[in-house]
Amino acid sequence: MALFDEISNAIKEAMKAQDKVRLEALRGIKKVMLEAKTAGGASSELSDEDALKIIAKLAKQGKESAAIYAQQGRSDLAEIEMAQVAVFESY
C-alpha cells in the first residue's frame with residue numbers, strides 16, 4: 001500500500017477515534033502531499049520516498065515552531081506542535 005493511501009486510511013481511523021491532534025497532523029500531511037502531486041511539472045503519483053521527505057520536512061518545521069513557542073513562554077502551543085511531530089515521526 002502506498003504511503004498516501006496509508007495516510008488516508010489513518011485519517012479515517014483518527015476521525016472514528018476522535019483523536020483531534022492525530023487527525024490534524026494527518027490532514028496536514030495529506031494536504032502537502034496533494035499539493036506536491038498537483039504541482040506544475042510533477043507526476044500525478046507521489047513516490048513513498050518523496051512522501052517521506054515531505055513528512056520529514058513537516059516534522060522539522062514542527063520542532064522549530066515548538067522551540068519558538070517554548071522561547072515565547074507558550075508551552076501549550078509547543079506541546080501541540082510536539083504531539084503532531086510525534087505523529088509525523090511515526091511514519
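Residues numbered from 1 in each chain as written. Predicted model: local features only at pLDDT ≥ 70, side-chain atom pairs only at ≥ 80, totals over all residues. Heavy atoms only, no water.

Remarks on the overall build of the chain
So, step 1. The number of helices and strands found in the chain is four helices and zero strands.
So, step 2. Reading the secondary structure of the chain in the N-to-C direction produces α-α-α-α.
So, step 3. Put simply, the chain has 91 residues, and 30% of those count as buried.
So, step 4. Nonlocal contacts in the chain, meaning residues at least 24 apart in sequence, comprise 50% of its contacts between residues at least 6 apart.
So, step 5. Looking at the chain as shown, the accessible area adds up to about 5900 Å², and 53% of this sits on carbon and sulfur atoms.
So, step 6. A gap of 4 Å separates the mean positions of the 13 positive and 15 negative side-chain charges of the chain. (Helix = DSSP H or I, 4+ residues; strand = E, 2+ residues; numbered from the N terminus. Buried < 20%, exposed > 50% of the residue type's maximum accessible area, 1.4 Å probe, protein only. Contact = heavy atoms within 4.5 Å. Areas by Shrake-Rupley, 256 points an atom, 1.4 Å probe, with all protein chains shown as cover. Lys, Arg positive; Asp, Glu negative; His and termini not counted. Charge placed at Lys NZ, Arg CZ, Asp CG, Glu CD.)

Let's talk about the environment of Lys53
So, step 1. The residue Lys53 is located in helix α3 (residues 48–71) in this model.
So, step 2. Of the residues examined, Lys53 reaches a relative accessible area of 52% and is grouped as exposed.
So, step 3. Taking the C-alpha atoms as reference points, Lys53 and Ser65, separated by twelve residues in sequence, lie 18 Å from one another.

Quick notes on unusual backbone geometry
So, step 1. Notably, Gln18 is not glycine yet its phi reads approximately 55 degrees, a positive angle.
So, step 2. Within the secondary structure, Gln18 sits in the loop between α1 (3–17) and α2 (20–38).
So, step 3. You can call Gln18 exposed: its relative accessible area is 68%.

Thoughts on the pattern of salt bridges
So, step 1. Counted under the stated rule, the structure contains five salt bridges.
So, step 2. The closest approach of N and O atoms between Glu64 and Lys60, which form a salt bridge, is 3.9 Å. With Glu64 and Lys60 both in helix α3 and four residues apart, the pair spans about one turn of that helix.
So, step 3. For Glu64, a relative accessible area of 42% gives the class partly exposed.
So, step 4. Here Lys60 falls in the exposed class, since its relative accessible area comes to 54%.
So, step 5. In this structure, the salt-bridge partner of Glu89 is Lys63, at a minimum N-O distance of 2.8 Å. Residue Glu89 is located in helix α4 (residues 75–89), and its partner Lys63 is located in helix α3; the two are separated by 26 residues in the primary sequence. (Salt bridge = Lys/Arg side-chain N within 4 Å of Asp/Glu carboxyl O.)

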